[in-house]
There are 2 protein chains.
Amino acid sequence: MAHPTIYDVAAAAGVATSTVSRAFSTPTRVSARTREHVLAVAAELGYRPNPHARALFSGRHHTVAMVVSDITNPHYFELIRGAELRAKASEYTLVLVNAEESPRIEYDQIQRLVSSVDGFVLAASRLPDENLEQIAAQRPVVLMNRELGGIPSVVLDHVQGCRQIVEHLVSLGHRHLVYLAGPRNSWMASTRWSALRTAAESLGIAAERVGPFMPKVSQGGAAADGALTTRATAIVAHNDLLAIGVVQRLAQRGVRVPDDVSVVGFDDIFASDLCTPRLTTLGGAHVEVGRAAVEILLDMATPNGRTRTPPRVVLPTELVLRGSTGTARET
Amino acid sequence: MAHPTIYDVAAAAGVATSTVSRAFSTPTRVSARTREHVLAVAAELGYRPNPHARALFSGRHHTVAMVVSDITNPHYFELIRGAELRAKASEYTLVLVNAEESPRIEYDQIQRLVSSVDGFVLAASRLPDENLEQIAAQRPVVLMNRELGGIPSVVLDHVQGCRQIVEHLVSLGHRHLVYLAGPRNSWMASTRWSALRTAAESLGIAAERVGPFMPKVSQGGAAADGALTTRATAIVAHNDLLAIGVVQRLAQRGVRVPDDVSVVGFDDIFASDLCTPRLTTLGGAHVEVGRAAVEILLDMATPNGRTRTPPRVVLPTELVLRGSTGTARET
DNA sequence: GTGAAAGCGCTAACAG
DNA sequence: CTGTTAGCGCTTTCAC
């Protein structure tokens, strides 16, 4: 038999369909003997419960969707890993969606999935607040690396992290930094800039911003050139991808890193440990962000779970000191 | 109304449920006027067809699963991108599963999903042939970077690629290479080794193999040390991750690349262009592999589609020459 | 061209 | 503890 159903099992086992159903879903409510008999028959027939039929009734799909603003960025990879890991641990299925940096695609994809998943984790969503609120009203939503009142979120502590970056630069004698900004609709970009500026201010050094730039290696050229129009001795790039592009362009222009200028990135992607010079960058437990986000989501999907978990998780960052930062050149 | 159904739409539009259904699924079989009316009402109510109810009846889920042997490897990332891209283009949902290099996990995950997806693309599957055949008997399956008679597959042309590698090395004066093998259950590993050996033989140079090694940077140490026990002047590592680890270890031991020994990797991952020296590696259109695999799968799921597409796609590789290979040292 | 009704596979009352 | 039965939302004969 191709795909046996509970009817087939029930017939073969000489019981009612509900008994078969119970043997699988609420095993305690069947006598041990019948249960074992049913399970044995089911196994013999190769029966597998049909999750769709189950979902149709229960409204629960055992599936969560993860939406990533740009799957091209290796950074998200870690988030995906963490999310996949956690979902699997609870036997949940993880659906992956790439928004290609387009709010419209992001929104459409989410709407398409709204009735087939139990909830969404959105990584660095580019959607405007209103859209997020509207989606959160339909389904449980957890944000990763973005915050919005009322919606649970998991973020790395970039305020603290940016302060560490600035302290690090100040201790090396830098008095002027420039932030190469990420996309305009990136919450992360504004968060980082405001944290950087605050820290710079309180430590008495100058900070300015140029950009926005798409956070890709290929944009590093324009970003580096932008940075060189300032008098900054330290460049803080929106992420490692951009930072790597900046370092490449700087080398091309004969500007030495870190002798002439220091460069700092964000995310601590795999490649930042491999390039030359190795990149100083603000890392953190990204896998853990993915893990935590899915965990919160699963909790929200559980009855009474909504209150158990703190809705706003802030994970510590970690400033990874490598070769791209050094003492400030004389000005 | 939270989740309007066709009943709600039918009631509001003053038609039968079947008419609403037809308006969505077989628009030609409703008069233009009623169709537009129904669609208008549906839109107003915010009606969205429930894919599970649809799947329950049709058996088609508009979903494909991609199983990856180890999501940790950035190489798969490209495959995932391609697959995601192609699935989205047909409004299919892509479910992502990580097998963590464990055949058992891989098998269990697949069985879990068998009744909820329309098919599987398996990237570098570690499953034994029998399992693959059994799964392919249940659902459409497309293999990526693995071949098995009767099951459609998309692979890069590693036979040709390995020959290019060997020719490249021979032209640099190398007379002895060592292959640092990947996992024992990796089809890729045996394919590469046999292609390498054949090419070496026909070009009259020595080839030997050490390993197997897990293809991770961390294994590069052991792999490099293994390679140094041979008299080879060229190292061909199972993939870039391993190659990067090897290069690091070599540097540690004071062995210069490429002056003392040349190193070649596979996959052309992002990082291989960033490390020092930059890695010579056998790349190819990995995104295209992912794309093609999903395309074949979707074709198989379409009636009459099974015959339309060639079941075995071989895409060209591309030897990317960078700094890690050079003329052989005198022996 | 449209409606009525059965059924996809499963679960949850409700009886017994 | 177990059987009967009515749907979950949708598609599809079969009538009209």
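Preceding block: the structure.
Residues numbered from 1 in each chain as written. Chains lettered and ligands numbered in written order. Predicted model: local features only at pLDDT ≥ 70, side-chain atom pairs only at ≥ 80, totals over all residues. Heavy atoms only, no water.

Another aspect to go through is the overall build of chain A. What chain A contains, in helices and strands, is 13 helices and 12 strands. What you see for chain A is a C-alpha radius of gyration of 25 Å, clearly larger than the 20 Å of a compact globule of 331 residues, by over 25%. The principal-axis extents of the C-alpha atoms in chain A amount to approximately 90 × 35 × 35 Å. Positive and negative side-chain charges in chain A, numbering 33 and 32 respectively, have mean positions lying 3 Å apart. (Helix = DSSP H or I, 4+ residues; strand = E, 2+ residues; numbered from the N terminus. Rg over C-alpha atoms; globule rule 2.2 N^0.38 Å. Lys, Arg positive; Asp, Glu negative; His and termini not counted. Charge placed at Lys NZ, Arg CZ, Asp CG, Glu CD.)

As a matter of local geometry, DNA strand C sits amid 26 residues, with A:I6, A:Y7, A:Y47, A:R54 and B:T19 nearest to it. By atom count, sugar and phosphate contribute 65% of the portion of DNA strand C lying within 4 Å of the protein. In the model, a phosphate oxygen of DNA strand C is placed 2.6 Å from a nitrogen or oxygen of the A:S21 side chain. Interatomic distance of 2.9 Å between a side-chain N/O atom of B:T34 and a phosphate oxygen of DNA strand C. At the level of secondary structure, the elements contributing two or more residues to the surface near DNA strand C comprise α1 (6–13), α2 (17–25) and α4 (51–58) of chain A together with α2 (17–25) and α4 (51–58) of chain B. Partitioned by chemical class, the residues of the surface near DNA strand C number 12 nonpolar, 9 polar and 5 charged. (Near = heavy atom within 4 Å. Polar contact = N/O pair within 3.5 Å; in protein donor to acceptor, adjacent residues only side chain to side chain. Nonpolar A, V, L, I, M, F, W, Y, C, P; charged D, E, K, R; others polar.)

Residue and element names in this part refer to chain A. Of all 6 residues in strand β1 (residues 63–68), 6 are buried; the element is thus mostly enclosed. Here 6 bridges tie β1 to strand β2 (residues 93–98), and the two strands are oriented parallel to one another. Bridged to A65 within β2 is V95. Since β1 and β2 lie parallel, the crossover through helix α5 (residues 74–89) that links them has a hand, and here it is right-handed. In terms of strand pairing, β1 meets strand β3 (residues 120–123) through 4 bridges, oriented parallel. Counterpart to V67 in the pairing with β3 is L122. (Buried < 20%, exposed > 50% of the residue type's maximum accessible area, 1.4 Å probe, protein only. Pairing = 2+ DSSP bridges. Right-handed = clockwise from strand over helix to strand, strands pointing away.)

So, on to helix α3 (residues 32–45) of chain B. Residue and element names in this part refer to chain B. Over its 14 residues, α3 runs 20 Å from end to end, which matches the ideal 20 Å to within 8%, given 1.5 Å per residue. Within the span of α3, buried status applies to V38, V41 and A42. The buried residues of α3 occupy an angular sector of 100° when projected down its axis, which confines them to one face. The exposed residues of α3 that point more than 90 degrees off its buried face are R33, E36, A43 and E44. Contact partners of the buried residues in α3: α1 (6–13) and α2. Two residues or fewer after α3 comes G46, characterised by a positive phi angle close to 75°. (Expected span 1.5 Å × (residues − 1). Arc of directions from axis to C-beta. Contact = heavy atoms within 4.5 Å.)

So, about the protein's contact with DNA strand D. Looking at DNA strand D, there are 26 residues lining it, with A:S18, A:T19, B:I6, B:Y47 and B:R54 nearest. Looking at DNA strand D alone, sugar and phosphate atoms form 60% of those within 4 Å of the protein. For DNA strand D, a phosphate oxygen lies 3.4 Å from a polar atom in the side chain of B:S25. Put simply, the parts of the chain that give the surface near DNA strand D at least two residues each are α2 and α4 of chain A together with α1, α2 and α4 of chain B. Class assignment of the residues belonging to the surface near DNA strand D gives a composition of 12 nonpolar, 9 polar and 5 charged.

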